[in-house]
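Spelled out, the chains give:
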Amino acid sequence: LYILGAAASALAAQPEWLLLARLVQAAGGACGVVTARVMVGDVFGSARAAGVQATLMTIVLISPAIAPVIGGTVADLAGWRAVFALSILTVPLLISGARILQESGRFRLLSAGADSPDAAAATDRPRESTRIRGGRFVLLASLFLLLNLFIAPVSQLQNDYLRTDRGFDGLTITIFTILTGTPAALGVIVGGRIADTKGRRWALVPGLIALGLFTAVFFAVAGPPMWLSALVAAVLGTLTVAPLGVL
C-alpha cells in the first residue's frame, strides 16, 4: 500500500488525487508500524520488548533529522514528484525481507488454534490467551487516537511557526530540528530502561506530561528558552516511545 500510494502521488495530476494517494500511502505506513511492534513482542517477549523497542527507535529517530535535508535536495534537483518516486527503490528490500523473515509466531498461533500443541511450539513460548479484552482495547485505541490527533500536527505547526513568527529560513529550521531532535534518542533509551525495570507507567506518565508542558512553553517563548524547551520536550517526550510501542 505504501509503495502504491507513493507511486500514485508521484503521478497525481490534481490535488484531489494527490490527497487520495497520500491517504493510501499513510495506511500502508501505519501497517508497517504495527507489524514492527508485533515482531518485537513476538520475537523477544513482553519482558524484553520495551528495551528492544527503545534500541530500534533510537535508530529510527535519526530519519527525521536527515529526511528533510534529503527530500528538500531531491525536490530542488528533480522536483517534488521525484521524492515520492524514490519509495519505489525499496521494492527489492521488501521482496527480500518477505522471503527471509519467518512468519509471526502469533499469526501461526491464531492459524493453528490457541489450544493446538503445534501452536505452542510455533511460538517457542508457553501458550497464552489470544482473546482481545474489549475494555483495554478501547482504552489503548483512544490513547493512540488522541496522541495522533494532538501530537502528529506539531511538527508541521512547529515549522510554520518558526518560518512565519520567528523568521527562520529552511536551513535554520533544519539546524534547529537536528540540534533539538537528535538528542531525543537519549529519551528513547532511558524510557525503555525505565519500562523494563520500573514499569511502563513510570515512563509514560512523566513523558506525556513533559511533552505537553514543554511544547506549550516552546510556542510561548523566544530565543534560547525556545530552543531549550524544544530540546527538553523532545528528550522527555520520547520517554514514551518504547512503552507505547509494546502496549
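This structure is a prediction, so every number in the text was calculated from the model and none was measured.

## Some thoughts on the overall build of the chain
When helices and strands are tallied, the chain shows 14 helices and zero strands. Going from the N terminus to the C terminus, the chain shows its helices and strands as α-α-α-α-α-α-α-α-α-α-α-α-α-α. A separation of at least 24 residues holds for 69% of the contacts in the chain among residues at least 6 apart in sequence. When the accessible surface of the chain is summed, it comes to about 15500 Å², and 70% of that surface belongs to carbon and sulfur atoms.

## Some points on the packing of helix H12 (residues 201-218) against helix H13 (residues 224-237)
The interhelical angle for the contact between H12 and H13, taken along N-to-C directions, is 165°, at an axis separation of 8 Å. What the angle tells us is that H12 and H13 run roughly antiparallel. The handedness of the crossing between H12 and H13 comes out as left-handed. Contacts from Gly-207, Ala-210, Leu-211, Phe-214, Thr-215, Val-217 and Phe-218 of H12 reach H13 at Met-226, Ser-229, Ala-230, Val-232, Ala-233, Leu-236 and Gly-237. Here the residues of the contact of H12 with H13 are counted per class, giving 10 nonpolar, four polar and no charged.

## With respect to the packing of aromatic side chains
Taken as a whole and judged by the stated rule, the model has eight aromatic pairs. Geometrically, the ring pair formed by Phe-168 and Trp-227 is tilted, given 6.2 Å between the ring centres and 40° between the ring planes. Within this pair, whereas Phe-168 is found in the loop between helix H9 (154-164) and helix H10 (170-181), its partner Trp-227 is found in helix H13, the two being separated by 59 residues in sequence. Relative accessible area serves as the criterion here: at 28%, Trp-227 is assigned to the partly exposed category. Within the aromatic cluster, the residues linked to one another by ring pairs are Tyr-161, Phe-168, Phe-176, Phe-218, Phe-219 and Trp-227.

Rules used throughout
Residues numbered from 1 in each chain as written. Predicted model: local features only at pLDDT ≥ 70, side-chain atom pairs only at ≥ 80, totals over all residues. Heavy atoms only, no water. Helix = DSSP H or I, 4+ residues; strand = E, 2+ residues; numbered from the N terminus. Contact = heavy atoms within 4.5 Å. Areas by Shrake-Rupley, 256 points an atom, 1.4 Å probe, with all protein chains shown as cover. Axes fitted to C-alpha atoms, helices over the stretch in contact; angles between N-to-C directions. Parallel < 35°, antiparallel > 145°, perpendicular 65-115°, else oblique. Left-handed = near helix turned anticlockwise from the far one by under 90°. Nonpolar A, V, L, I, M, F, W, Y, C, P; charged D, E, K, R; others polar. Phe/Tyr/Trp six-rings, centres within 6.5 Å; stacked < 30°, edge-to-face > 60°. Buried < 20%, exposed > 50% of the residue type's maximum accessible area, 1.4 Å probe, protein only.

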